[in-house]
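So the chains spell out like this:
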10 protein chains.
Amino acid sequence: MAFNLRLALSAKSASRAFVSVRPTAAFTASRCFHSTPVTMAQHPIATLNEELIPRLPPSSPTLFEAKKKKNISFEAIAKHVGRDEVAIAALFYGQAMASPEDIQKLSEVLDIDAGMLESQLSGFPNRGSTLDMPPKDPTIYRLYEIVQNYGQAYKAVLHEKFGDGIMSAISFSTKIEKETDDKGDWAKITMRGKWLPYSRF
Amino acid sequence: MAFNLRLALSAKSASRAFVSVRPTAAFTASRCFHSTPVTMAQHPIATLNEELIPRLPPSSPTLFEAKKKKNISFEAIAKHVGRDEVAIAALFYGQAMASPEDIQKLSEVLDIDAGMLESQLSGFPNRGSTLDMPPKDPTIYRLYEIVQNYGQAYKAVLHEKFGDGIMSAISFSTKIEKETDDKGDWAKITMRGKWLPYSRF
Amino acid sequence: MAFNLRLALSAKSASRAFVSVRPTAAFTASRCFHSTPVTMAQHPIATLNEELIPRLPPSSPTLFEAKKKKNISFEAIAKHVGRDEVAIAALFYGQAMASPEDIQKLSEVLDIDAGMLESQLSGFPNRGSTLDMPPKDPTIYRLYEIVQNYGQAYKAVLHEKFGDGIMSAISFSTKIEKETDDKGDWAKITMRGKWLPYSRF
Amino acid sequence: MAFNLRLALSAKSASRAFVSVRPTAAFTASRCFHSTPVTMAQHPIATLNEELIPRLPPSSPTLFEAKKKKNISFEAIAKHVGRDEVAIAALFYGQAMASPEDIQKLSEVLDIDAGMLESQLSGFPNRGSTLDMPPKDPTIYRLYEIVQNYGQAYKAVLHEKFGDGIMSAISFSTKIEKETDDKGDWAKITMRGKWLPYSRF
Amino acid sequence: MAFNLRLALSAKSASRAFVSVRPTAAFTASRCFHSTPVTMAQHPIATLNEELIPRLPPSSPTLFEAKKKKNISFEAIAKHVGRDEVAIAALFYGQAMASPEDIQKLSEVLDIDAGMLESQLSGFPNRGSTLDMPPKDPTIYRLYEIVQNYGQAYKAVLHEKFGDGIMSAISFSTKIEKETDDKGDWAKITMRGKWLPYSRF
Amino acid sequence: MAFNLRLALSAKSASRAFVSVRPTAAFTASRCFHSTPVTMAQHPIATLNEELIPRLPPSSPTLFEAKKKKNISFEAIAKHVGRDEVAIAALFYGQAMASPEDIQKLSEVLDIDAGMLESQLSGFPNRGSTLDMPPKDPTIYRLYEIVQNYGQAYKAVLHEKFGDGIMSAISFSTKIEKETDDKGDWAKITMRGKWLPYSRF
Amino acid sequence: MAFNLRLALSAKSASRAFVSVRPTAAFTASRCFHSTPVTMAQHPIATLNEELIPRLPPSSPTLFEAKKKKNISFEAIAKHVGRDEVAIAALFYGQAMASPEDIQKLSEVLDIDAGMLESQLSGFPNRGSTLDMPPKDPTIYRLYEIVQNYGQAYKAVLHEKFGDGIMSAISFSTKIEKETDDKGDWAKITMRGKWLPYSRF
Amino acid sequence: MAFNLRLALSAKSASRAFVSVRPTAAFTASRCFHSTPVTMAQHPIATLNEELIPRLPPSSPTLFEAKKKKNISFEAIAKHVGRDEVAIAALFYGQAMASPEDIQKLSEVLDIDAGMLESQLSGFPNRGSTLDMPPKDPTIYRLYEIVQNYGQAYKAVLHEKFGDGIMSAISFSTKIEKETDDKGDWAKITMRGKWLPYSRF
Amino acid sequence: MAFNLRLALSAKSASRAFVSVRPTAAFTASRCFHSTPVTMAQHPIATLNEELIPRLPPSSPTLFEAKKKKNISFEAIAKHVGRDEVAIAALFYGQAMASPEDIQKLSEVLDIDAGMLESQLSGFPNRGSTLDMPPKDPTIYRLYEIVQNYGQAYKAVLHEKFGDGIMSAISFSTKIEKETDDKGDWAKITMRGKWLPYSRF
Amino acid sequence: MAFNLRLALSAKSASRAFVSVRPTAAFTASRCFHSTPVTMAQHPIATLNEELIPRLPPSSPTLFEAKKKKNISFEAIAKHVGRDEVAIAALFYGQAMASPEDIQKLSEVLDIDAGMLESQLSGFPNRGSTLDMPPKDPTIYRLYEIVQNYGQAYKAVLHEKFGDGIMSAISFSTKIEKETDDKGDWAKITMRGKWLPYSRF
């Protein structure tokens with residue numbers, strides 16, 4: 001009967017109910033079970049900020065809840081699926097498309113019913129919907145600030161190296177690396193895109 | 001007398017007058033004199049879009065006009081100054097500060113009077129003023145789009161790798177590289193920033 | 001009883017529930033059953049991004065769910081209805097009006113009760129509500145960028161060809177064609193509108 | 001001496017002074033001299049709305065004044081340069097780059113000093129600067145309205161035809177055609193762009 | 001029992017449920033029963049775009065559903081109530097106040113319980129809430145465009161005719177008329193407002 | 001020499017200088033010389049708010065200064081040109097195009113050199129540029145408020161009268177009338193536009 | 001059982017249900033029972049525009065529904081509580097804080113359970129949330145327009161009377177009075193605030 | 001010759017030059033010459049913030065410079081002209097119209113040439129242009145905040161007192177009074193407007 | 001059964017139901033039980049403005065309701081947890097991360113199930129989501145106004161003291177102190193951040 | 001004669017001309033002449049970003065140029081004037097008022113003619129005009145971010161400490177301190193404002 005009543009909740013509150021009924025040990029686990037290779041995470045894993053749900057596709061709560069239950073990092077999921085962890089995170093937020101193989105792999109690593117996942121992930125992403133600009137969160141704002149402050153400089157140097165055109169954000173890949181030296185940790189973000197020259201017409 | 005009349009021009013039109021009186025051979029030169037190592041450029045060099053002048057400091061037209069007259073790329077200037085070409089371009093747009101040594105080197109490589117350059121570059125940059133957001137120029141917009149589409153994914157992966165905090169945009173460096181394969185040219189932008197964890201207070 | 005409880009869901013979550021209970025094989029089917037002429041699709045068919053539902057009329061989830069269940073492309077539906085596939089897609093998003101004949105045809109090809117469809121489609125469209133500008137999705141943004149970058153040029157050439165006036169967006173049709181050459185695929189969008197000269201008064 | 005004093009005007013007022021001192025017979029000419037093939041225009045030619053000058057590069061007044069003096073249409077210029085008239089108009093508004101050959105041809109057809117033109121056109125365009133969005137001018141607004149109303153429909157049909165990706169606005173061409181039937185004149189705008197599928201990473 | 005469960009829906013989805021359970025023959029009716037004088041409509045009647053409901057008062061769905069069930073035009077309702085059809089439509093959208101007599105008449109012509117209507121219509125309108133500006137719908141946008149393009153001209157002519165002041169939008173009436181000539185149909189909107197001169201103080 | 005120095009003024013300050021050097025007796029005149037039929041005005045005539053000049057074409061100060069010098073109303077000019085006074089005012093603000101005959105008539109009635117006027121008025125208007133929305137001036141704001149408050153009602157009634165489509169703002173005319181009764185003066189604005197039904201495609 | 005089902009409604013629709021189940025005789029009453037001193041109102045009393053509920057605290061529907069049921073004006077409530085009617089109305093909209101005594105008095109005059117009222121009113125107001133700026137409702141817009149048009153003048157006169165500083169909006173009171181003369185009714189709004197000079201530091 | 005050179009300045013810088021060449025003793029004077037009744041001011045008089053000049057009519061610098069030279073308060077000017085000091089300040093900022101008598105009085109009290117003043121003040125005000133909203137200056141922002149926080153409360157109480165309608169901001173007067181008690185100074189702003197009921201149509 | 005039905009409410013209305021079913025004696029308590037050291041508060045404690053709930057994580061209503069039930073101030077909670085009260089308040093609004101120890105302490109002092117709290121607080125904060133800018137609430141707006149008015153001055157003095165760089169808002173702490181003198185109470189906000197110099201690259 | 005010609009420059013370019021003709025040794029000096037106590041600065045002094053001039057009063061370039069010529073820090077000026085350095089910097093940006101004594105002291109320490117300074121500083125500041133929000137410069141943005149992220153927390157703690165009210169930004173002072181520990185430098189900003197409780201009315 002609990003199940004029937006849960007159906008009466010909206011999708012949004014359903015996920016909340018889930019959380020409060022089955023609180024996962026996400027934080028503690030990550031501190032205690034570092035030896036499990038797949039789910040090992042030095043830091044707590046990323047979970048879904050539930051206030052974002054109304055602007056996300058239904059696949060997002062599905063995927064994030066399974067991720068939380070398994071206490072597994074994007075890095076581990078990415079390794080299993082064979083894609084980059086940023087691409088996997090983008091897919092979780094509805095910002096990237098999943099191939100049938102991706103869906104199969106995600107279903108395996110996250111223990112989600114493949115049919116349900118396929119149905120929820122079958123559409124074409126409605127990109128850009130997760131974020132209002134300028135971003136308010138400081139972690140994302142810093143990237144925005146880099147574009148704002150260095151945008152003209154990037155444009156000038158790109159043109160000098162490549163001529164008139166753009167670096168594609170579609171024929172594009174990106175990754176994040178961690179580097180550590182005596183001053184502390186450094187995040188390194190690499191963006192790599194096909195250079196597209198303007199057509200002459 | 002020409003000098004007196006030029007004084008009667010606004011600073012903005014002054015640079016324009018300069019241009020029309022002494023048209024530099026920027027484009028042609030870059031096609032003809034590839035053997036000159038310092039000014040060699042496969043593509044035309046970046047010059048100043050004059051409609052930007054009202055939002056730039058007076059150092060910007062000074063620097064860009066000298067750059068145009070010398071037909072020299074940011075890469076070549078950067079090599080002389082000992083900084084990255086993106087940093088040099090940012091400095092040209094008033095987005096980065098010049099040390100006294102930088103000013104000396106810029107004065108040398110661009111044949112600008114060091115005193116004048118020192119005066120114009122002595123202030124602290126008023127960063128972010130060169131660009132309205134969202135950027136309208138497609139080359140810069142693509143970077144903005146990357147932040148908009150992948151922002152949440154970057155945040156999630158950064159947190160999993162580093163915990164709660166931000167990648168600094170201040171204790172930060174960036175560069176652009178060109179890669180070529182059989183599919184064409186690829187632009188690679190690397191952003192590297194110190195990881196700053198939130199203070200617990 | 002499950003049905004009664006599903007009624008207790010909001011219209012929005014109802015469609016989500018539908019999806020998870022009856023996951024259609026949209027993607028797989030399109031890879032496996034290319035021989036079925038009506039539903040054949042080289043690529044997965046377009047389905048409804050559910051986060052858009054609050055800004056769409058109730059006909060949109062009705063139509064898109066039937067389309068998903070039948071795994072049928074806009075092209076196939078358009079052929080059956082006798083309209084262009086862009087017009088049909090616009091109608092699905094509540095951006096175009098359906099004639100009684102259109103409703104009859106849609107009811108046939110999508111197996112939707114005609115009375116229900118007639119009731120949901122009887123109103124005059126509230127156009128423009130599906131999209132915030134500037135568009136965040138890159139596919140739509142590129143069209144916006146074309147207007148932004150070439151708007152003045154279009155205006156100038158239109159005036160030279162037609163005088164003072166506008167190309168109507170009402171007495172108007174549009175279509176998308178696919179062209180393929182050795183460089184790859186090309187999308188060709190044609191917009192054709194009645195020229196309206198300004199009245200002299 | 002008149003020349004010296006004209007130098008004392010700002011670039012903006014210079015063009016205005018030009019206009020009032022040497023009023024061209026643009027409108028009359030187009031009605032009277034239809035036999036001259038190069039400058040023939042059924043409608044008055046497009047000239048520069050001077051209130052736009054502050055957001056345009058210095059090449060724009062140069063080019064538009066020469067165009068006005070010659071009373072020549074974009075179509076005629078385009079034929080001479082060997083490019084499309086929309087591309088030529090975009091170039092006039094600083095939205096497209098000119099090759100050295102283009103500059104040579106423009107110099108010929110418009111009787112502008114090639115060196116001056118080369119200097120003014122040597123930079124990389126700062127695209128998008130000519131237009132605030134939403135566009136206020138009805139002629140351009142109609143194009144914006146088409147994107148707003150049909151954006152989602154275009155996206156859906158493009159995805160069904162091409163999969164996940166975008167139609168490039170860079171590897172792109174566009175043209176305007178005029179069609180006439182018994183209902184009047186019709187403007188036909190064609191946009192053709194390379195299809196770019198999202199990279200899988 | 002179905003009724004009880006329908007109560008469990010939100011007000012918004014309630015109206016949707018209504019629609020799907022009891023689809024009215026709005027469109028067909030208007031084509032078939034032109035002889036009925038009260039409900040005769042050459043075109044389908046206007047119904048409520050349900051995505052607007054969250055920004056409307058509860059009287060709006062009540063009134064529009066009754067209107068749809070009766071398949072009656074604003075013109076016919078207005079004739080019964082003794083007001084202009086634009087005023088009646090404004091009242092339906094919560095943009096005008098109903099007098100007790102209006103409520104009585106509306107109750108009669110729409111078969112709505114007078115007490116319920118009185119309760120829902122007793123408040124003072126929260127005007128302007130139905131529309132975001134600039135309007136996205138082309139029908140409304142054209143009116144906005146008229147204000148944008150002719151606003152200064154209206155102001156200048158009004159001042160020449162009346163002096164310094166405004167045309168009241170409160171002590172105000174408006175109507176829409178249809179005129180037909182050999183070129184087709186013409187809409188004529190008349191706005192008539194009291195001239196208010198600025199007080200001298 | 002005074003003339004040469006005046007050339008050194010910007011176009012904007014030139015008009016201001018004009019005003020202060022030759023103050024016209026606009027207000028007084030309108031009170032004293034009511035017998036002159038062409039320039040008679042019960043209220044002071046409309047002149048140019050000079051802070052608007054940067055967003056107007058050069059024809060606007062030309063036309064308004066001549067109007068002020070002649071102390072002539074839009075009504076009188078319109079009668080001479082054979083157009084409506086709102087159209088003439090729109091033309092003065094650069095919002096409407098002048099035919100060669102209009103230019104000839106304007107030249108006559110305003111004593112402006114026809115060649116200069118032809119040059120300044122030969123371009124296609126850049127419409128909408130004179131006004132930011134929402135309008136701040138109360139006289140224009142009231143029109144905006146009417147659209148905001150009655151927009152949905154207008155749309156609904158228009159659709160009931162005409163079906164799906166728009167009232168054209170291009171194939172359009174408008175006029176202002178003054179009515180007086182015992183309550184005072186009333187302004188009556190009539191807008192009349194061609195009805196354009198949406199094309200079915 | 002009706003009660004149980006009503007619980008299943010959202011808080012928002014709950015209040016709507018209330019309204020439709022128990023329609024109060026607000027308008028009629030105000031016309032019929034003018035002799036009752038406490039609830040007498042020449043005009044209908046103000047009730048809650050329900051579309052505002054999502055931006056109001058839960059106390060707002062509680063208070064407004066009791067006010068509607070009692071058909072009592074703000075003036076009458078204010079007299080009972082011993083505060084100004086504008087302050088009471090602000091309190092109803094969640095824009096002012098209630099003291100324990102206020103709560104007691106409100107509970108008495110409105111027949112609301114004191115404990116429930118105390119719980120709902122115990123927080124600190126989240127001021128400003130009820131209104132988007134610029135206000136769309138004409139009644140509120142006029143106040144906004146006064147600030148827009150006279151803002152600089154107010155500032156100048158305030159500074160001349162008081163020096164550099166501000167009129168406090170916190171140490172502040174306001175009231176509305178009605179004056180009637182032969183021209184009709186006049187509303188008089190008085191705002192009185194402590195003058196705060198800028199600190200010198 | 002100084003005069004000729006001053007002509008070469010823009011109107012904007014002209015006023016600045018004026019200031020620096022003839023610095024008035026505004027502040028000192030107000031402390032020293034309190035015995036002169038007309039120009040006495042307890043606080044320094046209000047002068048023109050010169051950065052506002054581009055958005056003001058040419059009459060504003062004319063009037064404010066004369067006011068500064070005479071070191072006279074708005075109160076004193078108002079007394080001479082016979083209007084309220086807020087109205088006079090509004091007139092100085094181009095927000096109110098001057099009658100011929102006002103112009104005569106202003107000319108007298110400010111020692112400005114009447115013809116010049118008449119020419120500069122003859123137009124109809126372009127109201128609202130002096131201020132961007134929300135206001136940034138704290139003195140004006142507090143008034144805006146009062147509207148934002150108390151707007152709904154004002155509306156509710158106005159409707160209860162007057163019915164459906166608005167307080168006119170045109171048939172309107174306002175004043176500022178200073179009150180002092182043992183807690184300090186209090187500013188009292190009174191706004192009084194004609195009540196306009198909505199027309200029933 | 002009441003519990004089951006409450007589950008059928010959305011998360012938002014659930015918290016509201018909670019409030020109305022179990023009204024806490026927050027205000028009274030704070031006046032009556034000042035002797036209890038942990039929950040003592042001179043002023044009513046801060047509770048959650050429920051209209052904020054949709055933009056807050058599920059932990060916020062959980063924490064605030066427990067706080068209200070215990071009638072405990074942030075200061076008291078902070079003392080127990082060993083953090084600053086501003087940090088604790090930020091944590092309640094989802095703007096700061098909780099360590100496992102924080103969660104344990106919060107669970108103790110607020111009598112919340114530790115597992116549930118851990119689940120709700122395990123994610124990384126989505127910072128900045130609680131507030132739209134500019135802030136409408138006067139208490140927060142004053143801080144915004146300080147940044148707006150003193151921003152350039154802060155920047156200038158910071159640069160003179162530290163060189164080119166920023167004060168970190170991440171490696172940062174802040175506190176609020178209360179000071180009282182004969183003029184009344186003073187709030188003192190201290191912000192202390194690591195100085196980050198720009199990297200030279 | 002050079003002086004006369006310089007007058008022909010706009011105020012804006014005048015300051016630029018100044019700079020280029022007499023480049024001050026600001027940077028070098030600060031490194032070389034640390035022994036001069038008044039002008040000693042560990043870091044280069046703050047100068048005026050000239051692109052800000054159009055939004056600043058004429059006193060700003062006057063003050064900043066004198067500051068640059070003297071190579072003197074705000075700290076040193078503040079010490080001489082007897083105010084805080086943030087207040088002095090605010091005064092330089094036109095954000096604070098100068099008393100006659102301040103003007104006298106500034107004239108002394110900066111070697112500016114007292115009469116000219118008095119004239120330029122005699123007006124009431126137009127506060128807030130120097131900065132667009134959100135601030136683009138990272139140094140100022142961090143302060144904005146603190147308000148955005150901690151705004152609700154500040155409000156909650158302030159209310160618990162002081163009750164309902166605000167911290168004044170007018171009866172207010174602020175300062176910046178530098179602290180150094182083994183981790184580096186820390187900036188400490190203190191804001192102290194009078195607590196203003198809401199009036200009960």
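Conventions adopted
- Residues numbered from 1 in each chain as written.
- Chains lettered and ligands numbered in written order.
- Predicted model: local features only at pLDDT ≥ 70, side-chain atom pairs only at ≥ 80, totals over all residues.
- Heavy atoms only, no water.
- UniProt positions renumbered as here; feature names shortened; annotations may be inferred.
- Helix = DSSP H or I, 4+ residues; strand = E, 2+ residues; numbered from the N terminus.
- Buried < 20%, exposed > 50% of the residue type's maximum accessible area, 1.4 Å probe, protein only.
- Contact = heavy atoms within 4.5 Å.
- Pairing = 2+ DSSP bridges.
- Axes fitted to C-alpha atoms, helices over the stretch in contact; angles between N-to-C directions.
- Salt bridge = Lys/Arg side-chain N within 4 Å of Asp/Glu carboxyl O.
- Phe/Tyr/Trp six-rings, centres within 6.5 Å; stacked < 30°, edge-to-face > 60°.
- Lys NZ or Arg CZ within 6 Å of the ring centre and 35° of its normal.
- Parallel < 35°, antiparallel > 145°, perpendicular 65-115°, else oblique.
- Left-handed = near helix turned anticlockwise from the far one by under 90°.

With an unreviewed UniProt entry as reference, chain A is termed Cyanate hydratase, source organism Decorospora gaudefroyi. Reading the Catalytic activity (unreviewed entry) entry of the UniProt record for chain A gives the comment "cyanate + hydrogencarbonate + 3 H(+) = NH4(+) + 2 CO2".

Caption draft 1: Quick peek at the UniProt feature "active site" (unreviewed entry) in chain A. Sites flagged by UniProt as "active site" (unreviewed entry) map to Arg142, Glu145 and Ser168 of chain A. Mapping Glu145 of chain A onto the fold places it in helix H9 (residues 138-162). Residue Glu145 of chain A is classed as buried on the basis of its relative accessible area of 1%. If sequence neighbours within four positions are ignored, Glu145 of chain A has contacts with Ala169 and Ile170 of chain B together with Pro138, Tyr141 and Arg142 of chain J. For Ser168 of chain A, the position within the fold is in strand E1 (residues 165-181). Residue Ser168 of chain A is classed as buried on the basis of its relative accessible area of 2%.

Caption draft 2: Local environment of the sheet that holds strand E2 (residues 184-197) of chain J. Across the sheet, 4 strands lie side by side as E1(I)-E2(I)-E2(J)-E1(J); this open sheet has antiparallel pairing. Each edge of the sheet is formed by a strand with only one pairing partner; in this case those strands are strand E1 (165-181) of chain I together with strand E1 (165-181) of chain J. For this sheet, the mean inter-axis angle between neighbouring strands, taken without regard to orientation, is 20 degrees. Relative to E2 of chain J, strand E2 (residues 184-197) of chain I runs antiparallel, the two being bridged by 9 bridges. Looking at E2 of chain J, one finds that Gly193 of chain I is bridged to Ala187 of chain J.

Caption draft 3: How the structure looks around the pattern of salt bridges. Scanning the model with the defined rule gives 133 salt bridges over all chains in all. Between Glu160 of chain B and Lys67 of chain A there is a salt bridge, with the nearest N and O atoms lying 2.4 Å from each other. Of this pair, Glu160 of chain B sits in helix H9 (residues 138-162) while Lys67 of chain A sits in helix H4 (residues 59-70), on two different chains. The class for Glu160 of chain B is buried, based on a relative accessible area of 8%. Judged by relative accessible area, which is 0%, Lys67 of chain A ranks as buried. Asp137 of chain F is the salt-bridge partner of Lys155 of chain E, the closest N and O atoms lying 2.9 Å from each other. Of this pair, Lys155 of chain E sits in helix H9 (residues 138-162) while Asp137 of chain F sits in the loop between helix H8 (114-121) and helix H9 (138-162), each in a different chain. A single burial state applies to Lys155 of chain E and to Asp137 of chain F, both of which are buried.

Caption draft 4: Focus on the packing of aromatic side chains. This model, assessed by the stated rule, comprises 110 aromatic pairs over all chains. Their ring planes at 85 degrees and their centres at 6.4 Å tell us that Phe201 of chain C and Phe172 of chain F sit as a pair that is edge-to-face. With one member in each of two chains, Phe201 of chain C in the segment after strand E2 (184-197) and Phe172 of chain F in strand E1 (residues 165-181) form a pair that bridges those chains. One exposure class covers both Phe201 of chain C and Phe172 of chain F, and it is buried. When the centroid spacing of 5.2 Å and the interplanar angle of 85 degrees are considered together, the rings of Phe64 of chain I and Phe92 of chain I count as edge-to-face. Of this pair, Phe64 of chain I sits in helix H4 (residues 59-70) while Phe92 of chain I sits in helix H6 (residues 85-92), placing them 28 residues apart in sequence. We note that Phe64 of chain I, like Phe92 of chain I, is buried. The ring of Tyr198 of chain C has Arg127 of chain F lying over it, and the distance from NZ or CZ to the ring centre is 3.4 Å.

Caption draft 5: View of unusual backbone geometry. Note that the residue after Met133 of chain A, namely Pro134 of chain A, is joined by a cis bond; omega there is -5 degrees. As for its placement among the helices and strands, Pro134 of chain A is situated in the loop between helix H8 (114-121) and H9. Phi at Asp111 of chain J is positive, roughly 55 degrees, even though this residue is not glycine. Structurally, Asp111 of chain J is set in the loop between helix H7 (100-110) and helix H8 (114-121). Judged by its relative accessible area of 59%, Asp111 of chain J is exposed.

Caption draft 6: Region of the structure containing the packing of helix H5 (residues 74-81) of chain H against helix H7 (residues 100-110) of chain H. Residues and elements named next belong to chain H. Viewed as axis vectors pointing N to C, H5 and H7 meet at an angle of 130 degrees, and their least axial separation amounts to 9 Å. As the angle between them shows, H5 and H7 are arranged oblique. Judged by the twist between their axes, the crossing of H5 over H7 is right-handed. Contacts between H5 and H7 involve Ile77, His80 and Val81 from the former and Asp102, Lys105, Leu106, Glu108, Val109 and Leu110 from the latter.

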